[in-house]
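Inside the fold
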Amino acid sequence: MTLEERKSTGTGIDYQVLDSLHEGCQIIGYDWRYIYLNQAATDHSHLRKEELVGRTMMEVYPGVEKTPLFEVLSQCMESRKAKRFDNQFTYPDGTLGWFELSIQPKEEGLIILSVDITERKLEAEKRERLSERLNLATRAAKMGIWDWDISDNKLVWDKAMYELYGLNPGEFGGAYEAWLQGIHPEDREECDEMSRRSRLYGEEYNTEFRVLWPDGSVHWLKAEGEVFCDEKGTPVRMIGVNYDVTDQRKSELTIRESNSRFHSIFQFSPVAIGISRMRDKRILNVNTAFVDFYGYSAVEAIGHTTDELGIWANPEDHLLFVRTMQAEGRISGLQTTARLKSGEERPVLLWGNRLELNGEMCLMAQIVDITEQKLSEQALQESEEKYRTVTESFNSILVTLDGMGIFHYVNRVAAEMGGQTREAMVGCSIFDIVDREAGEEILQNVRTVIAGREGMVTEARIDFDGSSTWLVLSIQPLIDSSGNVPLAMINGVDITRRKNFENELRTSMEKAEESERLKSAFLTNMSHEIRTPMNGILGFTDLLKKPRPQRRNQGTVHPHHTTERRPDAAHHQRSDRDRLHRGRNSRSAGEGSECE
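Model, not experiment: these values are computed from the prediction.

So, on to the sheet that holds strand β2 (residues 34-37). Spatially, β2-β1-β5-β4-β3 is the arrangement adopted by the 5 strands of the open sheet, whose pairing is antiparallel. Pairing within the sheet leaves two strands with one partner each, and these edge strands are β2 and β3 (83-90). Strand-to-strand twist in this sheet, taken as the mean axis angle between neighbours without regard to direction, amounts to 25°. Running over the sheet, helix α5 (residues 68-79) touches β1 (24-29), β3, β4 (96-106) and β5 (109-116) and is turned about 150° from β3.

Before going further, it helps to spend a moment on the pattern of salt bridges. Throughout the structure, instances matching the rule amount to 27 salt bridges. The partner of Arg197 in a salt bridge is Glu203, and the shortest N-O contact between them spans 2.7 Å. Through salt bridges with shared partners, a single ionic network connects Arg277, Arg279, Asp280 and Glu360.

The next thing to look at is the pairing of strand β12 (residues 283-286). Pairing of strand β11 (residues 272-277) with β12 involves 3 bridges; the strand directions are antiparallel. Counterpart to Ile275 in the pairing with β12 is Asn285. Taking the residues between adjacent antiparallel strands as the criterion, β11 and β12 are bridged by 5 residues, where Lys281 takes a positive phi near 65°.

Our focus in this paragraph is a nonpolar patch on the surface. Together, Phe522, Leu523, Met526, Ile530, Met534, Ile537 and Leu538 make up an exposed nonpolar region whose accessible area comes to about 640 Å². Inspection of the secondary structure assignment puts Met526 in helix α19 (residues 496-545). When its relative accessible area of 33% is taken as the criterion, Met526 is described as partly exposed.

Moving on, we come to the nonpolar core. Counting residues in each nonpolar core, the largest one holds 25 residues, and the members touching the most others are Phe407, Ile442, Val446 and Ile490. Looking at this core, the elements that each hand over two or more residues are β16 (397-402), β17 (407-410), α16 (412-418), α18 (436-452), β18 (456-464), β19 (467-478) and β20 (487-494). Those residues in contact with Ile442 that sit more than four places away from it in its chain are Leu401, Ile430, Ile462, Leu473 and Ile490. With 24 residues, the next largest nonpolar core counts Trp32, Met57, Val72 and Met77 among its residues.

Not every positive phi belongs to a glycine, and His46 is a case in point at roughly 65°. Relative to the helices and strands, His46 is located in the loop between α3 (39-45) and α4 (57-60). For His46, a relative accessible area of 52% gives the class exposed. Even without being a glycine, Lys281 presents a positive backbone phi close to 65°. Take Lys281: its relative accessible area is 36%, and that puts it in the partly exposed class.

Relative to the helices and strands, Thr118 is located in helix α6 (residues 118-140). Side chain to side chain, Thr118 and Asp116 meet in a polar contact 2.7 Å long. Residue contacts for Thr118: discarding those within four places in its chain leaves Leu96, Gly97 and Trp98.

Taken as a whole and judged by the stated rule, the model has 14 aromatic pairs. With centroids separated by 5.2 Å and ring planes inclined at 80°, the aromatic side chains of Tyr61 and Phe89 adopt a geometry described as edge-to-face. Here Tyr61, found in the loop between α4 and α5, pairs with Phe89, found in strand β3; they are 28 residues apart in sequence, far enough to count as distant. Each of the two residues, Tyr61 as well as Phe89, counts as buried. Residues Trp312 and Phe321 carry aromatic rings whose centres are separated by 5.5 Å and whose planes lie at 45° to one another, so their mutual orientation is tilted. The burial state of Trp312 is the same as that of Phe321; both residues are buried.

Before going further, it helps to spend a moment on the confidence of the model for the chain. Of all residues in the chain, 84% have pLDDT values of 70 or greater, and the mean over the chain is 82. Throughout residues 555-573 the model reports pLDDT below 50, and contacts reaching past four residues in sequence, or to other chains, amount to 12 contacts. Counting interchain partners and residues more than four positions distant, the pLDDT-below-50 stretch residues 584-596 has 13 contacts.

The sheet contact formed by β3 and β4 spans 8 bridges and is antiparallel. Residue pairing in the sheet places Phe85 in a bridge with Leu101 of β4. Two successive antiparallel strands, β3 and β4, enclose a turn made up of 5 residues, where Gly94 displays a positive phi of approximately 95°. Direction of pairing for β4 relative to β5: antiparallel, over a ladder of 8 bridges. Its bridge partner lying in β5, Lys106 is registered against Gly109.

The next point concerns the sheet that holds strand β13 (residues 330-339). Within the open sheet, the 5 strands sit side by side as β12-β11-β15-β14-β13. Their pairing is antiparallel. The open sheet has two edge strands, β12 and β13, and neither has a second partner. Here the average twist between neighbouring strands, direction ignored, is 25°. In the sheet, β13 pairs with strand β14 (residues 345-357) via 8 bridges, with the strands oriented antiparallel. Looking across to β14, one finds that Ala338 is bridged to Arg346. Sheet strands in contact with helix α10 (residues 246-268) are β11, β12 and β15 (360-369), and its direction is about 80° off that of β12. Packing of helix α14 (residues 315-328) onto the sheet brings it into contact with β13, β14 and β15, and relative to β13 it is tilted by some 160°.

How each quantity is defined
- Residues numbered from 1 in each chain as written.
- Predicted model: local features only at pLDDT ≥ 70, side-chain atom pairs only at ≥ 80, totals over all residues.
- Heavy atoms only, no water.
- Pairing = 2+ DSSP bridges.
- Helix = DSSP H or I, 4+ residues; strand = E, 2+ residues; numbered from the N terminus.
- Axes fitted to C-alpha atoms, helices over the stretch in contact; angles between N-to-C directions.
- Contact = heavy atoms within 4.5 Å.
- Salt bridge = Lys/Arg side-chain N within 4 Å of Asp/Glu carboxyl O.
- Patch = residues over 30% accessible without salt bridge, like charges linked within 9 Å, V, L, I, M, F, W, Y side chains within 5 Å.
- Areas by Shrake-Rupley, 256 points an atom, 1.4 Å probe, with all protein chains shown as cover.
- Buried < 20%, exposed > 50% of the residue type's maximum accessible area, 1.4 Å probe, protein only.
- Core = buried A, V, L, I, M, F, W, Y, C linked by side-chain atoms within 4.5 Å.
- Polar contact = N/O pair within 3.5 Å; in protein donor to acceptor, adjacent residues only side chain to side chain.
- Phe/Tyr/Trp six-rings, centres within 6.5 Å; stacked < 30°, edge-to-face > 60°.
- pLDDT = per-residue confidence, 0-100.

Right, here's the structure in full:
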C-alpha cells in the first residue's frame, strides 16, 4: 500500500496529524529512502520535498553513512529501540544546524521527529564564551566573586576567592566569621566596621585590607560590594568582588622609598645635577657636586637660567640640547664645553631627561667633567701613534689574535703577505687568510698562550695562494688592565730562504755520503782483487831474497827440507790472508753485498 493509499484509507500513521506538527517529521524506510516529510522537516533539510521523497539518504547527502547521525540511525533500525539525542548537522553548503532528534522504530522503518535548536545552541555557546571571557578576565585581574546571604550567614566563593586567600575549597567555613578570621589582625576591626556601616547605612563598600595566608605570607586585597535589601528595606544580601593589589601596594611603597632615596642620591651624587623648569628654563635645584664644579652656590644658581649664569661656552651646543629635549625628551652623552664661574672652560659630557615634578614638566641635567679623560685620551693617542710608527717600521709580521682566531691588529707586512688591506684583514678569521692546517695549528698555540699566560716560539709553514712560506713565530700573551688575557700578539719572521738553504745543504750532504760509500765499496773490492794474486808473488819474492844453503847432496832437494828452511814465507801468506779477512769483516755490515 502506497503512502497516498494509507492517507486515504486512514490505516497506519495519521499523516494529517504529522502534516500539522510544528516540529519536523520524516519517515525513512529500511532501504534508507525518504518515505514522508512534513513541511517543517522539509524546511530543516534546506531542500524541496520532491528532492527528498523516494531518494535514499546517501543519494541526498553523500557521505552521510560516515557520520555519527547515521550510526545512531543504524543502531535504532537494527535494535528497534527508540533514542533521543542532539545532533549537529553540516549542510552541503558548509553551514551548521543543531537539531534535537527523537527516533522511533515504526512499521515502515524509522520515524524521526526533529526540533531546530540552532539558535538555542548558538546562544548557549555565546553565553559559554562570555563566561570564559569573564573567567579569563577575573583570573587575569586576580579577581574573585563572593555572594553573602546575610539572613542565613552563608558566604559563597568562586574558585578565584580561594586562591586570593591561599586556601583550598574545603578549608573555608562558608560564614562571615570565617572570612573575618582570614584577615590580618591589624585590619580585622576596620573591615568589620566597614561591612557593618554598609549594611546599616547603605554606605559604599570599598576598602583595602591585608589577608594572612596559612603559610604566613601577607597579601593586600581590594574589596568592593553592594548591599541588596528586601521590600522592607532589610539588608538580605551582599555581592562583591575581591582582587589582589599586592603588587600595586608594593609599587607605592617602592615609589615612596625611591623618592626618599632620590633626595639622598641627588644631594650626595658625585655627578653634578641641576633641575630646571622647561617653560622658563629657570633652575629649581642643584646638588653639592654642581656647586663644587661650577663654583656657584645654590643661592646663586637657583632661580636663574643657564644663560644668565653663562655656563654654556658653546651656544650651538646649548641650542642643540634644548631642541633635542623638546623633541625627544632626553639626550645622552652630549660632549660640550662648560664655563665655570672663574671663567675656566672644561670639557664635559651632558645627559638630560624630562620628568614631572609637582605637576610641572622639568628637565634634569647631569654633567660629568671629562678633563682627565681627555688628557688620558690625548696621551693614549700619542702612545698609539708611537706604537703604530714602531710596528709599521717592522720588516716582520705583527698581528694580534683572540681565542676565536679573529684578527684585531695587522701591520703592513702581514697585510701584504696575506694579500689583503689592513682594514680588510681586521675582523677576519685566520682561516680566511691561511690554509686550514696551518690556521688550526696557529690557533691552537694562541689558545694555549692565552690560557697559560706564557709565551712560546714555534715554526709554521703557511700556504699563501699556492706558495709555501716558512715563518718562525713568537706568540706572547697580551694582558689588559684587568689582568685578563683577551689577545695574543704574534711576531713572525720569514725564514723561507733559510729553510730552502737547509734543505739544499741536507741534499748535498746526502749525495756526498752516498759518493763516499760507493768509493769505499770500490776500493774494498779492488783491494780484494789485487791482494789475492799478489800473495803468491810476494811469498816467492821472499824466497828468492833468502841465501841458498850449501848442499851436501847435489841430488834432488827433498820438499821437507825446503819447508823447514822457509817458515817466513808461510807466515807472510797467513798475515796477508788475516788482514784481508779483517778488512772484509769491517765492511760486511753495510757493504757486504758489494764486497761479495
